[in-house]
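# Reading the structure
Okay, here's what each chain looks like letter by letter:
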Amino acid sequence: MEFILNNLLTLILFTPLLAAVILLFLPSDQDRLIRWVAFVLSLIPFILTLILWFEFDQTLPGFQFEQKKVWYSALNSSFHLGVDGISLTMVLLTTLLTPLAILASFSIHDRIKAYMVLFFLLEMGMLGVFLMLDLLLFFVFWEFGLVPMYFLINQWGSEKGEREVWKGKVIPARTYASVKFMIYTMAGSLGLLLAIQMIGAVSGTFDIPELFVSWNSLSGTLFGLPVSVVKSIAFWAFAIAFAIKVPVWPFHTWLPDAHTEAPTAGSMILAGVLLKLGAYGFLRLVLPLYPDEAKYFAGALAFLAVMAIIFGALASFGQDDFKRLVAYSSVNHMGFVVLGIAAAAFAYGTQDAHIALNGAVLQMFNHGLSAAGMFFLVGVIYERTHTRNLNDYGGLFPLIPVYGGILIFTSMASLGLPGLNGFISEFLVVRGSWPIFTIFTALAMIGLFFTGAYILKGIKQVLHGPLNEHWVGHLSEINAREIFVMVPLIVLMLWIGIWPSWILSVINNAVAMWF
Amino acid sequence: MQFPILSIIVFTPIIAGLLILLIPAERKTEIRMAALAAGAIAMLLSLWAYFSYDIAVGGYQFIEKYSWLPALGISYQVGIDGMNAPLVLLTGIVMFTGVMISWGIDDRPREFFAFLFILATGVFGVFVSLDLFMLFFFYEIAVFPMYLLISIWGWKVTREYAAMKLTLYLFIGSVVALVGALVMYFTSGMGTFDMLALENANFSVTFQRIVFPFVFFGFAVLGGIFPFHNWSPDGHVAAPTAVSMFHAGVLMKLGAFAALRVGIMLLPEGAKFHMPWIIVLTLVNVVYGAFIASVQTDFKYVIGFSSVSHMGLVSMGFATLNSTGMLGAGLQMLSHGVMTALFFAVVGMVYDQAHTREIPSLGGFRKVMPLVAIAFIIGGLVSMGMPGFSGFIAEFPIFVGLWNGQPAWLWNGYAWVAIIAAISIVITASYIIRIISRVFFGQLPSEFEGHVHDVATLDKVALVFLSAIMIIMGVYPSIIVPLVQSGVDHVMRLLGGA
């Protein structure tokens, strides 16, 4: 126990790797064995995170459970781990969603071993981003997560669908989506990589807490330019890399493709956790490293966020593909996260900023739950009908009442119905941003209206209206395993909606200290 | 007297090569076994030398010195420091794995291995030589067998052309460098070719500035520097697999290393003066090489041009003339050597089965050779500088070195070089992804159905071995960084601590 507590973060970070290695040694034709071993192993990081959650002292400021070992001596980079309230929430989200996603993948039959191994590597990459307090290793894990995701989309993505690329050449849609995802994100990270190199070259260290001090106290000229200009450029390099990942309008175009083509569990993790990496980057790095620049450009960021909210909702409303509809809803919901961050950047240190940031972090967690749930539900019906076209469904409620109930519940959480989790976080963001960006927030309300519209459209097309006779007798009800995936999500949605203070107190502690 | 480990490493291959020639030609298995044994000995000894090098003491170790031609001040002198120890290890690794994947060579394997081993001796010799004359001596030994290996065992379509082109390029380069070296020998007035002595020769600044380009470019031709890179993709493609591995994996490092050892270390003032414009050439290497690689349709040409691009990063690291950049260059030499050896091995395996290297006509090879696909993906990730693999820990310091760079004149910092060079990362990612998805994924063309098979066990061992090195380096850089850093410190002292 002593050992576990002393190395808790290292253990959380590397148990997925260990799980991947264990899976490698299982016989590849034993599908059942691999599935269950993977599921059980994926519970270990979750249990460790629960220990972390209860051992975490909410009253202490700063990072806890810190560990530091030299990794790359010549660059003065060290393996430095630590959690505060923000990263703790994200780690909980990651380790919670991974077992559920693995459970959701039980219907996969093709090369299940490689699939599970990639999934664990993906989990490690995401956890590394949330846990690292070293800029270089932050980037290492940031990039590393791309690789498993690329292969998950490229190899296990939906088999139907083609995309025409230039010169009339037709390639499978999943190839198109995975390459777009990879190249888009890598190109976006290029500026981040260069900025990180520059910061390291200037500061001589990659340790994030140290950089908060040394990088901010820099003055004079760098590379023949005033420091403020260099910082502004570096700010945008960071901001664009993270904005692509969030994604903020107009950098979101990779997302609908990647989400739509990814296997169900991949979409769950993509929407549930990967998008949070971008928002987390803003919170952990951009705001503390560039407070002045962030304040200066906060208006622009808020504008982009409002655009994401409105256009995300409108685009979502315009979709006929159920999965694409849910994918665009992510753009819409993540817009609120960015709006909260922008408001906080503008009014650093005020009460309103704190409220907005609390809302933003909680919205990250909530969107993780509801988006994962929605994608899973889309996957459930797709597996049965082999279509995602909303016009092919219709009036399915009498055929699959349990599924219908769960779908409506999750949709309502996503919509922001009071009493469920989405309402709390969106309200906090709006309440915090209103005094800071009144007009933008008012515009975002329009977006919220369309959120209602597309969610109701989804429900209506699938469950209500005239029954599509084609499905009578061909559609089976959601099974026990699938319900089991949804139960933790539903419980959390309800719990946060009714009594959010258990998680908000953890978030607020970190927010109050940093901002 | 201490155990002459370096001499044994240098001469094991050539002696083994000569012994192999004594084995009757038809006893192919014995020939191969003997070759493998020699490769194993060389690799184990270089591993031993690598790990028993004492970083705390630093400097040149395992030094051996015998007078060779005292009248001219030539002596056989060898030693390793942090800069060449990884390269010796690299040569051992490539030699060992090269033998493993050449197991299937059926056309005169005896002569093939003999020439390959003469080549290996030349390469080992250049890396460990501390005497300028001996360095040239081994350098020519390394270049000559290359000609025969390519023109006899190479790809039938271009082998004569490529072998001729390669040899002429390299000979011209070495002649130019030799002229520079002779000028240094006479001007120093010390009557010695001992490089440790020449390091303290105090050449005048003007002299250094005039001679430096000759020496540097003479060797850098072999390092594939733009615009003299042209021989290398042709040479890579025409060579048989094991020779390509040697060629891209080790020989190109030979050029970069000699340019450092003779050019930068002996003529530091010249280096400071010329590097600000040479860095532009290396930038062209990096970006242009990546672009050219991305439009090739021949699998092997893609890898050939990617080597040009990646070797550009090595010269770029040297050109920064600061500690971080040099460190990155040192690491990149090892990382790229292992990576490209793996690439060429994979290309060879695919070609042996498919008898074509045209990317559009390949596909679905992961189904028949899953391990090869995984190995190529790992190499590809190294190539695109993906964190967690050796490419990242090598390229990152090169870029940091650029950000830290303080050119002697011409530019106000190298920040713009870093920004432009970063483009190559995305280009590299795009062509690697293209190969992965076109060659290894997708549908296996029907004409290959039943005709292509998985590779032999020895091939797999070689691939796993190479992949493991890249992952270990990437995850745990401390295994190599302090060693290379100690070598870089020596270079930095010669450059005036800058």
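Because the structure is predicted, anything quoted here is derived from the model rather than measured. By convention here, each chain's residues receive numbers from 1 onward along its written sequence. To label them, take the chains in the order written and letter them from A, then take the ligands in the order written and number them from 1. Two thresholds apply to this predicted model, a pLDDT of at least 70 for residue-level local features and 80 or more for giving and counting side-chain atom pairs, whereas whole-chain, interface and lining totals are computed over all residues.

## Regarding the overall build of chain A
Our working definition: For the purposes of this entry, the term helix denotes a DSSP run of H or I that reaches at least four residues, the term strand denotes a run of E that reaches at least two, and both are numbered from the N terminus. The reference for a compact globule is 2.2 Å times residues^0.38; the radius of gyration itself is calculated from the C-alpha atoms. Distance between backbone-placed C-beta atoms decides contact: two residues are in contact if it is within 7 Å.
Along its length, chain A carries 20 helices and six strands. Taking 24 Å as the expected radius of gyration for a compact globule of 515 residues, we find that chain A reaches 22 Å, a close match to that expectation. Taken along the three principal axes of its C-alpha coordinates, chain A extends 75 × 55 × 55 Å. Of the contacts formed within chain A by residues at least 6 apart in sequence, a portion of 80% connects residues at least 24 apart.

## Considerations on the pairing of strand β1 (residues 61-69) of chain B
All names here are of chain B. Note the threshold: Paired strands, as defined in this entry, are two strands with at least two bridges between them according to DSSP.
Bridging between β1 and strand β2 (residues 74-80) involves six bridges; their strand directions are antiparallel. Paired with Y66 across the strands is Y76, a residue of β2. If you look at the hairpin formed by β1 and β2, you'll find four residues sitting between the two strands, and G73 has a positive phi there, around 75°.

## Remarks on the nonpolar core
Residue and element names in this part refer to chain A. Worth spelling out the cut-off: For this entry, the nonpolar core is defined as buried Ala, Val, Leu, Ile, Met, Phe, Trp, Tyr and Cys residues connected by C-beta atoms within 7 Å. Using C-beta atoms placed from the backbone, we call a residue buried if 20 or more other C-beta atoms fall within 10 Å of its own, exposed if 12 or fewer do, and partly exposed for counts in between.
If you look at the biggest cluster of nonpolar residues, it comprises 411 residues, and the most contacted ones within it are A305, V338, A342 and A343. The biggest single contributor to this core is helix α15 (residues 351-385), with 19 residues. For V338, the contacting residues outside a window of four places in its chain are V246, V248, L301, L304, A305 and A308.

## Here's the deal with the confidence of the model for chain B
For the record, the criterion: pLDDT measures the predictor's confidence residue by residue and takes values from 0 up to 100.
When pLDDT is averaged across chain B, the result is 88; 99% of the residues are at 70 or more. Interface scoring of the predicted complex returns ipTM 0.86; its pTM is 0.90.

## Re the interface of chain B and chain A
To be explicit about the condition: Residue classes follow a fixed rule: Ala, Val, Leu, Ile, Met, Phe, Trp, Tyr, Cys and Pro count as nonpolar, while Asp, Glu, Lys and Arg count as charged, and any other residue, Gly among them, counts as polar.
Taken together, the 31 residues of chain B in the interface contact 26 residues of chain A. For the side of chain B that touches chain A, the secondary structure elements donating two or more residues are α13 (323-354), α16 (390-404), α17 (415-440) and α19 (481-494) of chain B. Looking at the side of chain B that touches chain A, its residues break down into 22 nonpolar, nine polar and no charged.

## Overview of the pairing of strand β2 (residues 77-83) of chain A
For a regular strand, side chains alternate in direction, first toward one face of the sheet and then toward the other. In terms of burial, β2(A) is a largely internal element, five of the seven residues being buried. Linking strand β1 (residues 64-72) of chain A to β2(A), which pair antiparallel, is a turn of four residues; within it A:N76 sits at a positive phi near 60°.

## A closer look at the environment of B:G235
Residue and element names in this part refer to chain B. Within the element layout of this structure, G235 appears in helix α9 (residues 231-238). Classification of G235 by C-beta neighbours within 10 Å gives buried; the count is 30. Residues G235 and F257, spaced 22 residues apart in sequence, show a C-alpha to C-alpha distance of 20 Å.

## A few points about α15(A)
All names here are of chain A. Applied cut-off: In a helix, the anticipated span is given by 1.5 Å times the number of residues less one.
Between its first and last C-alpha atoms α15 spans 50 Å; for 35 residues at 1.5 Å apiece the expected length is 51 Å, and the two agree. The buried fraction of α15 amounts to 28 of the 35 residues, a majority that puts the element mostly inside the structure. Trailing α15 by a residue or two, H386 shows a phi angle of about 60°, which is positive.

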